[in-house]
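These are the residues of each chain, in order.
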Amino acid sequence: MSDAPIGEFELIRRIQQRATSHPNVILGIGDDAALLRPPGNDVPIVVTTDMLLDGRHFLLAEHGAEAVGYKSLAVNLSDIAAMAARPVAAFVSVAFPRHQAASIADGLMRGMAPLADRFGVALAGGDTNAWDGPLVVCVTVTGEAVPPGPILRSGARVGNAVLVTGPLGGSLLGRHLHPEPRIVEALALIERTPLHALVDLSDGLASDLGHILEQSGGLGATIDADAIPIHPDAQTLAHRSGRSPLEHALADGEDFELCLVVAPESADDLLASPPPGMRLHRVGTIDSEPGLRLRHLNAPTESVSIKGFDHLVSDE
Ligand code: ADP
Ligand code: MG
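Please read these numbers as outputs of a predicted model, since none were measured by experiment.

**Examining the sheet that holds strand 12 (residues 291–295)**
Now for step 1: Across the sheet, seven strands lie side by side as 8-10-7-11-9-12-13; this open sheet has mixed pairing. Either end of the sheet is taken by a strand with one partner, and the two such strands are strand 8 (197–200) and strand 13 (302–304). For this sheet the average axis-to-axis angle between neighbouring strands, irrespective of direction, equals 25°.
Now for step 2: Where strand 7 (residues 161–164) meets strand 10 (residues 258–262), four bridges bridge the pair, whose relative direction is antiparallel. Looking across to strand 10, one finds that Val-162 is bridged to Val-261.

And the structure:
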């Protein structure tokens, strides 16, 4: 195999080509979480995992172990929310830098335990290693689907509305360390209306909506530039990056808001009376023509590349 640089998604595709299967794995690689069939054919079990690296997803010396503990569980809960499922158990595997293992372990638990408590998640296992390398934390979370879920990325249909649950962009300024996993929101949404597709925004709206379009049979979407809720952090970051706040809102990773695709009537209903405490924004529409387009009020519609944050090619 050549070692020429390839993107994260291409690498996952290569792995996926060699993936083995089992009849009780209903859904494997490719969504926010996998789905396992429990004995008795009850609601599926949802499983997701995410690994966080010092120097990439956090800076231990700057942010501290407590923030790392919080983030490493929160990003997994976000993937459970992206299936509209209820979290059950967390498994935490850690490679500790040898000489600080005890204090880091304390810090990780200070960040993780209150979040686990808040969402009723049991810490049910993990693995512990120490080495001369940097801190690595890998968390796996299981959950239970909530009927009529789980909600996949693959159910979008032409004419559906695209909504997001909060302002986007600029999470790099610090928000990426303490995302609020949108579990409560996902459960309120699935109870309220049929959800056709759901994803959490970990790689940026353009990229994550791109996954929905691809997995829904090669559809497209038109996004209304003026409807995208832009986080104040995206404005601040734009001053230093030379890119526009809108570009940050479309392409920055780690917003951890939800992007949902619903029938237009559902969108009307949700926007007219959102579930308590929820801020929903209708940002676009699913079309039959593949690709992502950005519609401006007083300028021509432009096409947008479906790429967001890629850990393998980005130096940010
Ligand atoms: P998310 O951003 O929702 O966490 P990712 O982009 O990390 O999703 O992963 C996309 C899909 O690829 C998921 O289904 C994930 O489980 C799978 N995946 C990622 N890396 C690997 C790997 N090394 N082996 C098998 N599956 C993987
Ligand atoms: Mg996800």
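**Some points on the pairing of strand 8**
Now for step 1: Burial of the side chains of strand 8 extends over both faces: Ala-197 and Val-199 are buried on one face and Leu-198 and Asp-200 on the other.
Now for step 2: Pairing analysis gives four bridges linking strand 8 to strand 10, with the strands arranged antiparallel. The residue bridging Asp-200 from the neighbouring strand is Leu-258, located in strand 10.

**Re helix 4 (residues 101–118)**
Now for step 1: Its 18 residues give helix 4 an end-to-end C-alpha distance of 26 Å, which sits within 8% of 26 Å, the value for a rise of 1.5 Å per residue.
Now for step 2: Burial in helix 4 covers these residues: Ile-104, Gly-107, Leu-108, Gly-111, Met-112, Leu-115 and Ala-116.
Now for step 3: Close packing links the buried residues of helix 4 with helix 2 (60–63), helix 3 (65–81), strand 4 (85–97) and strand 6 (136–145).

**A short note on the site of ligand 1**
Now for step 1: Near ligand 1 you find Glu-8, Phe-9, Ile-12, Ile-15, Ile-29, Gly-30, Asp-31, Asp-32, Asp-50, Asp-79, Arg-153 and Ser-202, and these make up its full shell.
Now for step 2: Between ligand 1 and Gly-30 there is a distance of 2.8 Å, counted from an oxygen atom to a backbone nitrogen or oxygen.
Now for step 3: Within the side chain of Asp-79, one N or O atom sits 3.0 Å away from an oxygen atom of ligand 1.
Now for step 4: Surface burial for ligand 1 is 66%, taken as the share of its 560 Å² of free accessible area covered by protein chains.
Now for step 5: If one sorts the elements of the shell around ligand 1 by residue count, helix 1 (residues 8–17) sits on top with four residues.
Now for step 6: Here the shell around ligand 1 is built from residues that sort into four nonpolar, two polar and six charged.

**What to know about the coordination of the magnesium ion (ligand 2)**
Tetrahedral coordination by four donors puts the ideal angle at the metal at 109.5 degrees, and octahedral coordination by six puts it at 90 or 180 degrees.
Now for step 1: The magnesium ion (ligand 2) binds to the protein through Asp-32 (OD), Asp-79 (OD) and Asp-200 (OD); the donor distances cover 2.0 to 2.1 Å.
Now for step 2: A relative accessible area of 1% means that Asp-200 is categorised as buried.

**Considering the sheet that holds strand 4**
Strand pairing in a sheet is mediated by backbone hydrogen bonds. Such pairs are either parallel or antiparallel.
Now for step 1: The strand order across the open sheet formed by six strands is 1-2-3-6-4-5, and the pairing between neighbours is mixed. Of all strands in the sheet, those bounded by a partner on one side alone are strand 1 (25–27) and strand 5 (122–131). The average undirected angle you get between the axes of adjacent strands in this sheet is 25°.
Now for step 2: Relative to strand 6, strand 4 is paired through ten bridges, and the arrangement is antiparallel. Across the sheet, residue Phe-91 finds its bridge partner in strand 6, namely Thr-140.

Conventions used here
Residues numbered from 1 in each chain as written. Chains lettered and ligands numbered in written order. Predicted model: local features only at pLDDT ≥ 70, side-chain atom pairs only at ≥ 80, totals over all residues. Heavy atoms only, no water. Pairing = 2+ DSSP bridges. Helix = DSSP H or I, 4+ residues; strand = E, 2+ residues; numbered from the N terminus. Axes fitted to C-alpha atoms, helices over the stretch in contact; angles between N-to-C directions. Buried < 20%, exposed > 50% of the residue type's maximum accessible area, 1.4 Å probe, protein only. Expected span 1.5 Å × (residues − 1). Contact = heavy atoms within 4.5 Å. Near = heavy atom within 4 Å. Polar contact = N/O pair within 3.5 Å; in protein donor to acceptor, adjacent residues only side chain to side chain. Areas by Shrake-Rupley, 256 points an atom, 1.4 Å probe, with all protein chains shown as cover. Nonpolar A, V, L, I, M, F, W, Y, C, P; charged D, E, K, R; others polar. Donors = N, O, S within 2.8 Å, 3.2 Å for Na, K, Ca; no water.

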